[in-house]
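Topology and contacts: notes
One letter stands for each residue in the lines below.
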Amino acid sequence: MRWLWSFGLMLACVVAPALADNNSLLSPSLPRDAFVNALLAKMTIEEKIGQLRLISVGPDNPKEAIREMIQRGQVGGIFNTVTRPDIRVMQDQAMQLSRLKIPLFFAYDIVHGQRTIFPISLGLASSWDLQAVATSGRIAAFEGSEDGLNMTWAPMVDITRDPRWGRVSEGLGEDTFLTQEIGRTLVSAIQGKHPGDRHSLMTSVKHFALYGAVEGGRDYNTVDMSPQKMFQDYLPPYKAALDAGSGGVMVALNSINGTPATVDRWLLQDVLRKAWHFTGITVSDHGAIKELVKHGVAADPEQAAKMAINAGINMSMSDEYFLKYLPGLIQRGEVSQATLDDAVRHVLNVKYDMGLFRDPYVHLGPAGSDPADTNAESRLHRAEARQVAREGLVLLKNRLNTLPLKKQGTLAVIGPLADSKRDIMGSWSAAGRADQSVTLLEGIRHAVGDKAKVLYARGANITDHQDLIAYLNQYEQTVKVDPRTPQAMIDDAVRTARQADVVIAAVGEAQGMAHEASSRSDIAIPESQRRLLRALKATGKPLVVVLLNGRPLALVRENQQADALLEAWFPGTEGGNAIADVLFGDHNPSGKLPMSFPRSVGQIPIYYNHLPTGRPYDPQKPEKYTSHYYDEANGPLFPFGYGLSYTHFTLSPVTLSATQLAPAGSLTATVTLTNDGDRDGATVVQLYLHDVTASISRPVATLQGFHKVFLKAGASQSVQFTVTPAMLRFYNQPMQQVTEPGEVDVMIGLDSARVNRARFTLQ
C-alpha cells in the first residue's frame with residue numbers, strides 16, 4: 001500500500017498549488033475525485049457545513065441575509081429562484097465574496113414544464129408515448145437552463161394507487177413498469193448527454209421512497225408495507241431513474257414501517273448506496289429534518305440534525321439545523337469528520353458534474369446576456385406543447401359517435417373550468433404564466449372560427465364550499481368565485497344550452513384541489529358542478545363532458561349523463577387547443593389510463609395488478625361468499641390501460657413462437673392489430689404476464705411491455721413482444737429474487753381488462 005501513499009503525496013503536491021489561486025477553481029483540469037479531494041482539504045468545518053445547506057429566498061431568508069451567508073460560505077445551493085438576474089447576483093456573490101469561490105447550484109420543481117407547461121404527469125403517462133414524454137423533458141430542460149437553473153426536483157416516480165392523495169397529479173400512475181419506463185425516459189431527456197451541457201439539467205428523482213403509498217391517501221402520512229411489495233412494486237421506478245443517470249435523490253417525508261425516510265439508514269445506505277451503488281446526492285425534502293421531532297424519533301432539533309446526516313442525508317433543504325447544530329456535534333464526535341466529508345464530497349461531485357467548476361455561469365452566459373423578455377422561450381415550443389397534450393387525452397365514452405363534433409351550428413361551452421387559464425395548467429406549473437395559456441373556450445373558438453357560433457356560460461362555481469375556497473386561496477391557488485346565486489348561474493347555463501346544438505361542459509377540479517396538501521376524502525366532482533350537469537342533461541341536448549382534474553374521479557353518474565366523456569387532466573399551456581383538436585376530430589384520441597378509475601371512494605384501493613384471492617368473484621356466476629362488495633359492481637368504472645378511439649381496433653388471438661421457455665431463452669408473442677374502422681388512428685397494444693403457480697401469490701397480471709401503433713383505416717400490422725424469464729423474476733418469502741418454473745399466461749390487449757390469452761411453460 002506504500003505506493004498508494006506515495007501517489008497521494010505526489011498528487012497533493014500537484015493539486016495544492018493549483019488550488020492556491022482561487023481563480024483556478026473555475027477551470028479544473030484535474031479528474032473529479034482528485035479535484036474534489038484537494039478542495040475538501042482546504043475547507044474549514046464551517047465551509048463544509050455550508051455546502052450542505054439548501055435555502056430559498058423569502059421572508060425567512062431575505063436577500064441581505066443570504067448575501068452574508070454566501071460571503072461566509074454558509075450556502076451550498078438555492079432553490080425556488082427562477083429569474084436569471086437574481087441567480088446571477090447570488091452566483092456573483094459566491095464567486096466574488098466567498099473565500100474559496102465554490103459556485104452555488106440553483107434548483108426548482110420543473111415537474112411538467114418550466115415556462116411552456118405540458119400536461120401534468122398523469123397526462124404525460126396517459127400518452128403511453130415515450131417520444132412525447134422525451135419531448136416534454138427536453139423542452140423543460142432547455143427552458144430551465146435558459147433561466148439559469150442547474151437541477152430540477154423531478155421526475156416524481158412514486159407509485160400511486162390511492163386517488164385521494166393530492167400528489168397523484170405529479171405521479172405517473174399505479175403501474176411499476178409504465179412508471180419506470182417514463183421515469184427513465186424523463187431522466188435521459190432532461191439530463192441529456194451530460195448534466196453540465198448548456199441545455200441540460202441534473203435530475204433529482206423523488207420521493208425516495210414509497211411516498212405514494214401513504215395511508216388513506218393523506219399527505220405526509222405513514223407507510224406500512226411488506227418487503228415483497230416494496231421491492232417488487234414500489235422501488236423499481238426509483239432504481240430505473242438512477243440507472244438512467246439521475247444525479248440526485250429527494251428523500252421522502254413519510255415514515256416507512258415506523259422509520260422516517262429522512263433517517264432510514266437501511267434505505268439511504270444499505271439499499272441506495274450499497275445495493276444500488278448510487279453515487280449522487282441525497283437531499284431532504286422541505287423541512288423534513290425539523291419534522292423528525294414531530295415524528296417522535298428525535299428528542300430535539302440537535303438530535304434531528306445528527307440522525308439525518310448520520311443516516312445519509314447530504315443536503316438539508318430549507319436548512320436551519322445543520323448550520324446551528326453540526327459544529328457542536330462534530331466537535332463532540334457525535335458526527336464524525338468522515339461523515340461530514342462524505343456528505344460534502346457528494347455535493348461537490350454534483351457541482352463538478354454540473355460543470356459549475358469549469359464555468360459557474362454555464363447556464364447563465366456572460367453578464368449582459370439576460371433576455372429582456374424572460375418568457376420569450378415559452379413561445380418557441382407551442383406546437384410541441386399542443387402535440388404532447390393531444391397524445392395524453394383519453395376518450396372514456398362516445399355514445400352513438402357523438403364525437404367528433406362538426407364545426408358548424410351553435411355550440412354551448414359551459415362550466416367553471418371552461419375559461420380558466422390558471423387551472424388548465426395544473427399544479428406545479430413552475431414558471432408558466434396563466435396569461436399565456438389557452439382555455440377550452442378559447443381553443444374551441446380558434447378551431448371553429450366563423451364556421452360556427454360559440455356561446456359561453458359559467459354555470460357554477462368550482463365549489464360552493466366556502467371553507468374549501470378559503471383553504472385553496474391561502475396559497476398561490478386562486479379560485480375565482482362568481483357572486484351570483486347557484487340557481488341564477490344554472491338558469492343562465494340552461495338558457496345558453498337551449499340555444500345550442502351541442503353542449504360541451506368543462507367540469508372537474510381546480511388545480512389547487514389536486515396538489516400537495518390537497519388530499520380528498522371524497523373524489524366525486526363537487527356538488528355545485530353535479531347540479532349543473534343534471535340541469536344540462538335535462539335540456540335534452542347532446543352532452544359532451546370534458547374533465548379537467550388531477551386524479552381519477554368517481555364518475556358513475558357523469559358517465560350515465562354524458563353522451564361523450566373526455567379525460568383531459570390538466571393539459572397545460574396549449575391545453576385548450578389540444579382538446580379542441582380532439583373534439584373536432586383534427587386529432588384522433590389515443591390516450592390510455594395510467595390509473596384505474598373507481599366507481600366510488602369505497603372501492604379504494606383498486607388497481608389492476610392485485611393478488612388473487614381464494615374466493616374470487618365471478619360476475620357471470622355471482623356467489624355470496626366471494627370477494628366483492630354487495631352494494632356495488634366489483635371492478636373499476638374504467639380499468640387501467642383503457643381508452644377509446646374514433647376508429648375501431650381489433651386484435652387477433654395470441655400466437656407464441658414456442659410453448660416452452662428455457663431459463664436463458666426467450667420467445668415471441670405475436671398479435672395482429674387491425675384498424676377496421678373508417679378513420680386513421682393509433683392505439684396502445686399492451687402485454688401482460690401472469691405466473692400461474694408460484695411459491696407466493698403473484699398478481700393476476702403485470703404489464704411487461706407496450707407498443708403505440710398508428711394504422712391507416714383498414715390496415716393491419718403484426719405486433720410482437722419478446723418474453724424473457726427476467727420478466728417473471730420476483731421476490732419470494734425469504735426476499736430472494738427468483739424465477740420459478742411453471743406455467744405462465746401471456747395476455748395481450750388494448751387495456752388491462754379485455755385481453756387475448758396464450759400459455760407457455762417456463763422450464
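Residues numbered from 1 in each chain as written. Predicted model: local features only at pLDDT ≥ 70, side-chain atom pairs only at ≥ 80, totals over all residues. Heavy atoms only, no water.

Counting its secondary structure elements, the protein chain contains 22 helices and 27 strands. A compact globule built from 763 residues would reach a C-alpha radius of gyration of about 27 Å, and the protein chain, at 27 Å, matches this within 12%. With respect to the principal axes defined by its C-alpha atoms, the protein chain has extents near 85 × 65 × 50 Å. Relative to its 763 residues, the protein chain shows a buried fraction of 60%. Put simply, 77% of the contacts in the protein chain that link residues at least 6 apart link residues at least 24 apart. If you sum the accessible surface of the protein chain, you get close to 29,200 Å²; carbon and sulfur atoms cover 51% of it. Here the protein chain carries 75 positive and 78 negative side-chain charges, and the mean point of each set is 2 Å from the other. (Helix = DSSP H or I, 4+ residues; strand = E, 2+ residues; numbered from the N terminus. Rg over C-alpha atoms; globule rule 2.2 N^0.38 Å. Buried < 20%, exposed > 50% of the residue type's maximum accessible area, 1.4 Å probe, protein only. Contact = heavy atoms within 4.5 Å. Areas by Shrake-Rupley, 256 points an atom, 1.4 Å probe, with all protein chains shown as cover. Lys, Arg positive; Asp, Glu negative; His and termini not counted. Charge placed at Lys NZ, Arg CZ, Asp CG, Glu CD.)

Each aromatic ring pair is characterised by the separation of its centres together with the angle its planes make. Enumeration according to the criterion identifies 16 aromatic pairs in this entry. Ring geometry for Phe231 and Trp266: centres 6.0 Å apart, planes at 70°, overall edge-to-face. Of the two residues, Phe231 is situated in helix α9 (residues 227–234) and Trp266 in helix α11 (residues 265–275); the sequence distance between them amounts to 35 residues. Judged by its relative accessible area of 18%, Phe231 falls in the buried class. (Phe/Tyr/Trp six-rings, centres within 6.5 Å; stacked < 30°, edge-to-face > 60°.)

To continue, consider the nonpolar core. If you look at the biggest cluster of nonpolar residues, it comprises 199 residues, and the most contacted ones within it are Phe208, Ile444 and Leu583. It is helix α15 (residues 337–353) that provides the largest number of residues to this core, a total of seven residues. What Phe208 contacts, discounting residues up to four positions off in sequence, is Leu235, Tyr238, Val249, Met250, Val251, Ala252, Ala261, Leu267, Leu268, Leu272 and Trp276. Core analysis: the second largest hydrophobic core is formed by 24 residues, Leu661, Val709, Val723 and Leu728 among them. (Core = buried A, V, L, I, M, F, W, Y, C linked by side-chain atoms within 4.5 Å.)

Ordered by their spatial adjacency, five strands build an open sheet running β19-β27-β26-β21-β22, and the pairing between neighbours is mixed. Both outer strands of the open sheet, β19 (660–661) and β22 (702–711), are each paired with one neighbouring strand and no more. Here strand β21 (residues 681–691) pairs with β22 via nine bridges, running antiparallel. Residue pairing for β22: Gln686 is matched across the bridge by Phe706. (Pairing = 2+ DSSP bridges.)

Of all residues in the protein chain, 96% have pLDDT values of 70 or greater, and the mean over the chain is 94. No element of the protein chain has a lower mean pLDDT than helix α1 (residues 2–20), at 37, and none a higher one than strand β11 (residues 394–398), at 99. Between residues 1–27, whose pLDDT stays under 50, and residues either more than four places distant or in other chains, the model counts 27 contacts. (pLDDT = per-residue confidence, 0-100.)

Okay, the environment of Met250 next. Structurally, Met250 can be placed in strand β6 (residues 248–251). Looking at Met250, the relative accessible area reads 2%, which means it is buried. Taking the C-alpha atoms as reference points, Met250 and Tyr211, separated by 39 residues in sequence, lie 11 Å from one another. Leaving out residues up to four positions away in the same chain, Met250 has contacts with Trp153, Ser204, Val205, Lys206, His207, Phe208, Val283, Asp285 and Met317.

This part takes up the packing of helix α19 (residues 486–498) against helix α20 (residues 527–538). In the contact formed by α19 and α20, the axes pass within 10 Å of each other and the chain directions differ by 35°. Like other packed secondary-structure pairs, α19 and α20 cross with a definite hand, here right-handed. Residues Pro486, Ile490, Ala493, Val494 and Ala497 of α19 form the contact with α20, whose own contacting residues are Arg531, Leu532, Ala535 and Leu536. Classifying every residue of the contact of α19 with α20 by side-chain character gives eight nonpolar, no polar and one charged. (Axes fitted to C-alpha atoms, helices over the stretch in contact; angles between N-to-C directions. Left-handed = near helix turned anticlockwise from the far one by under 90°. Nonpolar A, V, L, I, M, F, W, Y, C, P; charged D, E, K, R; others polar.)

In this model, Lys206 is joined to His207 through a cis peptide bond whose omega is -10°. Here His207 is to be found in strand β5 (residues 202–208). At the junction of Phe208 and Ala209, the peptide bond is cis and its omega measures out at 10° in the coordinates. In this fold, Ala209 is placed in the loop between β5 and α9. In this structure, Asn80 is a non-glycine residue whose phi angle is positive, near 75°. For Asn80, the location among the structural elements is in the loop between β2 (77–79) and α5 (84–97). Backbone geometry at Leu400 places phi at a positive 55°, although glycine is not the residue there.

Our next topic: the pattern of salt bridges. Oppositely charged side chains can pair when the atoms bearing their charge come close. As enumerated under the stated definition, the model contains 44 salt bridges in all. With its nearest N and O atoms 3.2 Å apart, the salt bridge here joins Glu442 to Lys421. Here Glu442, found in helix α17 (residues 440–448), pairs with Lys421, found in the loop between β12 (410–414) and α17; they are 21 residues apart in sequence, far enough to count as distant. The exposure class of Glu442 is partly exposed, given its relative accessible area of 24%. (Salt bridge = Lys/Arg side-chain N within 4 Å of Asp/Glu carboxyl O.)

Tracing the chain through its elements places Ala94 in helix α5. C-alpha of Ala94 to C-alpha of Gly76: the two residues are 18 residues apart in sequence and 9.6 Å apart in space. When sequence neighbours within four positions are dropped, the list of residues in contact with Ala94 reads Ile70, Lys101, Ile102 and Leu104.

Our focus in this paragraph is helix α8 (residues 176–191). Its 16 residues place the ends of α8 22 Å apart at the C-alpha level, agreeing with the 22 Å of an ideal helix rising 1.5 Å per residue. Counting buried positions along α8 yields 14 of 16 residues, so the element is predominantly enclosed. One side-chain oxygen at the N-terminal end of α8 lies 3.0 Å from the backbone nitrogen of Phe177; it belongs to Asp175. With its phi angle positive at about 60°, Gly192 sits one or two positions after the end of α8. (Expected span 1.5 Å × (residues − 1). Polar contact = N/O pair within 3.5 Å; in protein donor to acceptor, adjacent residues only side chain to side chain.)

Time to look at the packing of helix α4 (residues 63–71) against α5. Closest axis-to-axis distance for the α4/α5 pair is 8 Å, and the angle between their directions is 35°. Both α4 and α5 take part in a crossing whose hand is right-handed. Contacts between α4 and α5 involve Lys63, Ile66, Arg67, Ile70 and Gln71 from the former and Asp86, Met90, Gln93, Ala94 and Leu97 from the latter. A class-by-class count of the residues in the contact of α4 with α5 yields five nonpolar, two polar and three charged.

Our next topic: the sheet that holds strand β15 (residues 543–548). One key point about sheets: their strands pair by backbone hydrogen bonds, in either a parallel or an antiparallel sense. The six strands are arranged β11-β16-β15-β14-β12-β13 in an open sheet whose pairing can be described as mixed. Taken across any chain shown, the strands that pair with only one partner, and hence form the sheet edges, are β11 and β13 (453–457). Neighbour-to-neighbour, the strand axes of the sheet open up by a mean angle of 20°, direction not taken into account. Taken together, the four bridges between β11 and strand β16 (residues 564–567) define a ladder with antiparallel strand orientation. By the bridge assignment, Leu395 is partnered in β16 with Leu566. Against the sheet, helix α22 (residues 575–583) engages β14 (502–508), β15 and β16, with an angle of about 145° to β15.

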